[in-house]
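# Coordinate inspection notes
What follows is the residue order along each chain.
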Amino acid sequence: MEYATLQNGLKMPMLGYGTIGQAGEQIADNVAFALNHGYELIDTANRYGNEVEVGRGLKKSGLRREEIFLETKLGPTLYENEAAIDGTLQRLGVDTIDLMILHHPVNNYLYAYGMLEKAYKAEKLRAIGLSNFPVEKLQELLDHCEVPPMVMLVSSGPRQQPAAPGPGDWGHRPGPRQKRRPGGAAVAHSDGILPGAGE
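Rules of the game
Residues numbered from 1 in each chain as written. Predicted model: local features only at pLDDT ≥ 70, side-chain atom pairs only at ≥ 80, totals over all residues. Heavy atoms only, no water. Helix = DSSP H or I, 4+ residues; strand = E, 2+ residues; numbered from the N terminus. Buried < 20%, exposed > 50% of the residue type's maximum accessible area, 1.4 Å probe, protein only. Contact = heavy atoms within 4.5 Å. Axes fitted to C-alpha atoms, helices over the stretch in contact; angles between N-to-C directions. Parallel < 35°, antiparallel > 145°, perpendicular 65-115°, else oblique. Left-handed = near helix turned anticlockwise from the far one by under 90°. Nonpolar A, V, L, I, M, F, W, Y, C, P; charged D, E, K, R; others polar. Expected span 1.5 Å × (residues − 1).

## Considering the overall build of the chain
The secondary structure content of the chain amounts to five helices and ten strands. For the chain, buried positions account for 47% of its 199 residues. A separation threshold of at least 6 residues defines the contact pool for the chain, and within that pool the share at least 24 residues apart is 69%.

## Structural notes on the packing of helix α1 (residues 26-35) against helix α2 (residues 51-60)
Between α1 and α2, the shortest axis-to-axis distance is 7 Å and the interhelical angle comes to 40°. On the basis of the axis angle, α1 is oblique to α2. Seen from above, α1 lies across α2 with right-handed handedness. Counting all contacts with α1, which are made through Ile27, Ala28, Asp29, Val31, Ala32 and Leu35, the residues of α2 involved are Glu53, Val54, Arg56, Gly57, Leu58 and Lys60. A per-class count over the contact of α1 with α2 returns seven nonpolar, one polar and four charged.

## Quick word on helix α4 (residues 109-121)
Spanning 13 residues, α4 covers 18 Å between terminal C-alpha atoms, matching the ideal 18 Å at 1.5 Å per step. Check the buried side of α4 and you find it contacts β5 (69-74), α3 (84-92), β6 (99-102), β7 (128-131) and α5 (135-144). Looking one or two places after α4, you find glutamate 123, whose phi comes out positive at around 65°.

Pasting the structure below:
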């Protein structure tokens, strides 16, 4: 397995098993199977509605928690819910989440990112990041945050062709490395280099 080292030193597997579109108890079997056949990263989200089953799959795998990299995403409807992160931990049946990402740049995402920072400082989250943030909203967040995002999830696929990058876009700066995961998602690991960081 190849790993990316995040800016805080956490090693993140470059290949993960995503649980989008899966429902019911079969997820627990799928997650356990994936973990016992070479996958180390499991990806879920609040909006997938399957965190309880994913948590069962983690236990069913028989692996120690530290052998698994668990990633989930905080849904926009929870961006001002102070109990959302603790609720996610409870549904997954874990004490810590390796990576929590804001799922979309909508609603009060600055407040929600502050919740991620607070949970990160309390060691409930080992890394924090963003998903689908355009450059201008990323810059706004960077201007307000204390802990810079460690991961940027970028949606990618045949139906999502990006526009040609313009000045200030990712394509014109030193920036993240991307990794591909099943399902067409790419994750860009910031390694401390983000647009606007240090400028």
